[in-house]
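Descriptive analysis of the structure
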Amino acid sequence: MKNKFQRTKLLIGLLSASLCFQPAWPQSAALPSLGDGDGISLAAERKLGDRIARELYRDPDYLEDPVLDEYIQRLWAPLVKSAAARGELSPELQERFAWRILLGRDRSVNAFALPGGYLGVHLGLIAVVSTHDELASVLAHELSHVTQRHIARSMGEQGKMTPWVIGSLILGMLAASKSAQGAQALIVGGQAAAIQSQLSYSRDMEREADRVGFGVMSEAGYDPQGFVGMFGKLQQAAGINDNGAYPYLRSHPLTTERIADMQARLQLSTAPVQKVVDVEQAMLSARARVLSQGNVDAWRASTQTSQINLPQATATTKAGAWYGATLAHMQLKDFAAADRSLQNLERVVNGQNAPARLAKLLRAEWAAAQNRWDAVVPLLAPQGQPSKLDRPELIATAQALLHLPPTPTRTEVLRQLREQVQAFPLDAQAWNTLASMLAVQGLQLPSLRAEGEAQMARMDWQGAIDRFRAAQDWAKTHALQASDHIEASIVDTRLRQAQALVREMQTER
């Protein structure tokens, strides 16, 4: 049975654009003029994207990993800023669309854009990149599909169906694709086949996303050579990704024309280059590779580090191998072997700031996996360092403190978690961690509200209603402090908002 992230090939073929997959455009179809984004309104496109994203959030392969999330966001933020500075991303589009990236455990080398500013990144893509610039090129390409309104232009080419009908068919395919035969039968149906023709991206749109994306990533400070390097990897991966299922949506290899175009642009580019840390990238790629694996044999294969003994083995190769081996040993619950690999990793990256930080986070992860919570906090939040913790350290430290007696560090971490969700109200993992921290402090009402906010961030409106009602019930049966009255008022407001979202969702069916 395929999960929804594995089934994004359906969405890519029907509704989105993928850097590595270029669906064929029917010769008879009239292409909307480039720059014409009047197919559907911004509001309709956003709602359609919300509807699809809700399904992906519920998929078991949706991944919340603080280390990889931070990595993706670090690459993403300069691209958005560059697109806005270049005039590609209008203030209205920036405000109305979601601009959220979802990670999936899928091992295929792929990324995709969905309506309304949602992007998906498969761990298989992160696992094969050699530099930050290569992954930035993918994100810039997908960002450009959104900023150029390619989804709206493709959907509006014939305009025979409303966005809600299209969304219903796509969600039907998500459900039907639990059975390959059922999915294929649905795809060859008249309406679904027509939608595939309407929504596939044209070659001109692919070229436009390449061109705009190249400019965006160059002006964001990334090395545009990453585009050429990534194209080579994606061209090799095209055949690997194609497993024979859904032949109507089978991917087309990248054309040499597109690669040549990027090489020509590269020769003309004068943009400043931001040097990357290859050692850090090797470690992050190893993390993505191991986390995308789901069986013992694959983990055992990842524990093999014979490549580090080769004469040409570099510090980058060694760091990636030791990081992957450590994480794989942890998945296998062989913590002694994980410790040996981790010690080797720590020696390789000693004195290198970013790689050493990743090794320290992995050491904390190793300790937490053995319930050695008292070892996590000194690693990530040592006493005498009141500075603000980065998000991975904050989440890991908070989770460790839940298992330890109260300390001043807990109070500080709780304060920082509150600041985190205030600054990033869609950070579901931070809301969940905050809820647990509040609960152990005996703050039941704000804890229940935080649980509801986490469900809202994941677009589970019914789950949010359940948590907010539980908060209301608690408030009715307990004496409230002054701060509780404010919290109860917020709960009432958020409950009404969640109920309105549920009603709106029901009217779309």
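Residues numbered from 1 in each chain as written. Predicted model: local features only at pLDDT ≥ 70, side-chain atom pairs only at ≥ 80, totals over all residues. Heavy atoms only, no water.

**Examining the overall build of the chain**
From N to C terminus, the chain includes 25 helices and four strands. Residue pairs in contact within the chain that sit at least 24 positions apart in sequence constitute 73% of those at least 6 positions apart. (Helix = DSSP H or I, 4+ residues; strand = E, 2+ residues; numbered from the N terminus. Contact = heavy atoms within 4.5 Å.)

**Structural notes on the sheet that holds strand β3 (residues 111-114)**
Pairing within the open sheet is mixed, and its four strands lie in the order β1-β2-β4-β3. One side of each edge strand has no neighbouring strand; the edge strands of this open sheet are β1 (62-63) and β3. (Pairing = 2+ DSSP bridges.)

**Quick notes on the packing of aromatic side chains**
In the structure shown here, the tally under the stated rule is four aromatic pairs. Seen in terms of ring centroids, Tyr-57 and Tyr-62 are 5.0 Å apart; in terms of plane orientation they differ by 75°. Their pairing is edge-to-face. Here Tyr-57 matches Tyr-62 in class, with each residue buried. Each ring, one from Trp-76 and one from Trp-99, has its centre 6.5 Å from the other, and the planes form 40°; the classification is tilted. Pair noted here: Trp-76 is in helix α3 (residues 66-86) and Trp-99 is in the loop between α4 (91-96) and β2 (100-104), with a separation of 23 residues, a long-range link. Residue placement shows Arg-363 over the ring face of Trp-366; its charged tip is 4.8 Å from the ring centre. (Phe/Tyr/Trp six-rings, centres within 6.5 Å; stacked < 30°, edge-to-face > 60°. Buried < 20%, exposed > 50% of the residue type's maximum accessible area, 1.4 Å probe, protein only. Lys NZ or Arg CZ within 6 Å of the ring centre and 35° of its normal.)

**Comments concerning the packing of helix α23 (residues 444-457) against helix α24 (residues 461-477)**
Running from N to C, α23 and α24 cross one another at 170°; their axes reach a closest spacing of 7 Å. Taken together, α23 and α24 sit at an angle that is classed as roughly antiparallel. Packed against α23, whose contacting residues are Gln-444, Leu-445, Leu-448, Arg-449, Glu-451, Gly-452, Glu-453, Gln-455 and Met-456, the element α24 presents Trp-461, Gly-463, Ala-464, Arg-467, Phe-468, Ala-470, Ala-471, Trp-474 and Ala-475 at the interface. (Axes fitted to C-alpha atoms, helices over the stretch in contact; angles between N-to-C directions. Parallel < 35°, antiparallel > 145°, perpendicular 65-115°, else oblique.)

**Digging into the pattern of salt bridges**
Under the definition given, this model contains 26 salt bridges. Two residues, Arg-458 and Glu-64, come together in a salt bridge whose shortest N-O distance is 2.9 Å. Taken together, the residues Arg-458 in the loop between α23 and α24 and Glu-64 in the loop between β1 and α3 connect sequence positions 394 residues apart. The network of salt bridges with shared partners includes Glu-70, Arg-357, Asp-390 and Glu-393. (Salt bridge = Lys/Arg side-chain N within 4 Å of Asp/Glu carboxyl O.)

**Examining α24**
Between its first and last C-alpha, α24 extends 25 Å over 17 residues, near the 24 Å set by a 1.5 Å rise per residue. When α24 is considered as a whole, its buried residues turn out to be Trp-461, Gly-463, Ala-464, Ile-465, Phe-468, Ala-471 and Ala-475. Those residues of α24 hidden inside the fold are in contact with α2 (42-57), α23 and α25 (482-507). (Expected span 1.5 Å × (residues − 1).)

**Regarding the packing of helix α20 (residues 391-401) against helix α22 (residues 428-440)**
Where α20 meets α22, the axes come as close as 10 Å, and the angle between the chain directions of the two elements is 30°. By the angle between their directions, the pair α20 and α22 is classed as roughly parallel. In the crossing of α20 with α22, the sense of the turn from one axis to the other is left-handed. On α22, the residues that touch Arg-391, Ile-395, Ala-398 and Gln-399 of α20 are Gln-429, Ala-430, Thr-433 and Met-437. Taken together, the residues that form the contact of α20 with α22 break down as four nonpolar, three polar and one charged. (Left-handed = near helix turned anticlockwise from the far one by under 90°. Nonpolar A, V, L, I, M, F, W, Y, C, P; charged D, E, K, R; others polar.)

**Section: the pairing of β3**
Side chains Ala-111 and Ala-113 of β3 all project onto a buried face; the interleaved residues Phe-112 and Leu-114 project onto the opposite face, where all are buried too. Summarising the sheet, β3 and strand β4 (residues 118-122) pair through four bridges and their orientation is antiparallel. Of the residues in β4, the one forming a bridge with Leu-114 is Tyr-118.

**A closer look at the pairing of β4**
Taken across its five residues, β4 has five buried, putting it largely inside the fold. Residues Tyr-118, Gly-120 and His-122 of β4 are buried on one face, and the alternating residues Leu-119 and Val-121, pointing to the opposite face, are buried as well. Bridging between β2 and β4 involves five bridges; their strand directions are parallel. Across the sheet, residue Gly-104 finds its bridge partner in β4, namely His-122.

**Looking at α2**
When the terminal C-alpha atoms of α2 are compared, their 22 Å separation across 16 residues agrees well with the 22 Å that a helix rising 1.5 Å per residue should span. For α2, a buried count of 13 out of 16 residues is recorded, marking the element as mostly surrounded by other parts of the structure.

**A look at the environment of Leu-123**
Inspection of the secondary structure assignment puts Leu-123 in helix α5 (residues 123-128). Sequence spacing of Leu-123 and Ala-111 is 12 residues, and the spatial spacing of their C-alpha atoms is 9.2 Å. If we skip the residues at most four places from it in the chain, Leu-123 touches Leu-63, Leu-68, Gly-104, Arg-105, Asp-106, Ala-288, Leu-291 and Ser-292.

**A look at the confidence of the model for the chain**
Residues shown with low pLDDT carry predicted positions that ought not to be read at fine detail. With 73% of its residues at a pLDDT of at least 70, the chain reaches an overall mean of 81. The low-confidence segment residues 8-37 (pLDDT under 50) makes 113 contacts with residues lying over four places distant or belonging to another chain. Ignoring residues within four places in sequence, the model shows residues 240-253, a span with pLDDT below 50, making 35 contacts including any to other chains. (pLDDT = per-residue confidence, 0-100.)

**Remarks on the side chain of Ser-137**
With respect to the helices and strands, Ser-137 occurs in helix α6 (residues 132-147). On the accessibility criterion, Ser-137 (0% relative accessible area) is buried. Excluding residues that lie within four positions of it along the chain, Ser-137 makes contacts with Met-217, Gly-226, Phe-227 and Met-230.

**A closer look at the environment of Ala-315**
Examined against the element boundaries, Ala-315 turns out to sit in helix α16 (residues 315-331). Judged by relative accessible area, Ala-315 falls into the partly exposed class, the value being 38%. Sequence separation of Ala-315 and Val-348 is 33 residues, and the distance between their C-alpha atoms is 6.6 Å.

**What about the environment of Pro-406?**
You can see Pro-406 is positioned in the loop between α20 and α21 (408-423). Looking at Pro-406, the relative accessible area reads 64%, which means it is exposed. For the pair Pro-406 and Val-440, spaced 34 residues apart in sequence, the C-alpha to C-alpha distance is 9.2 Å.

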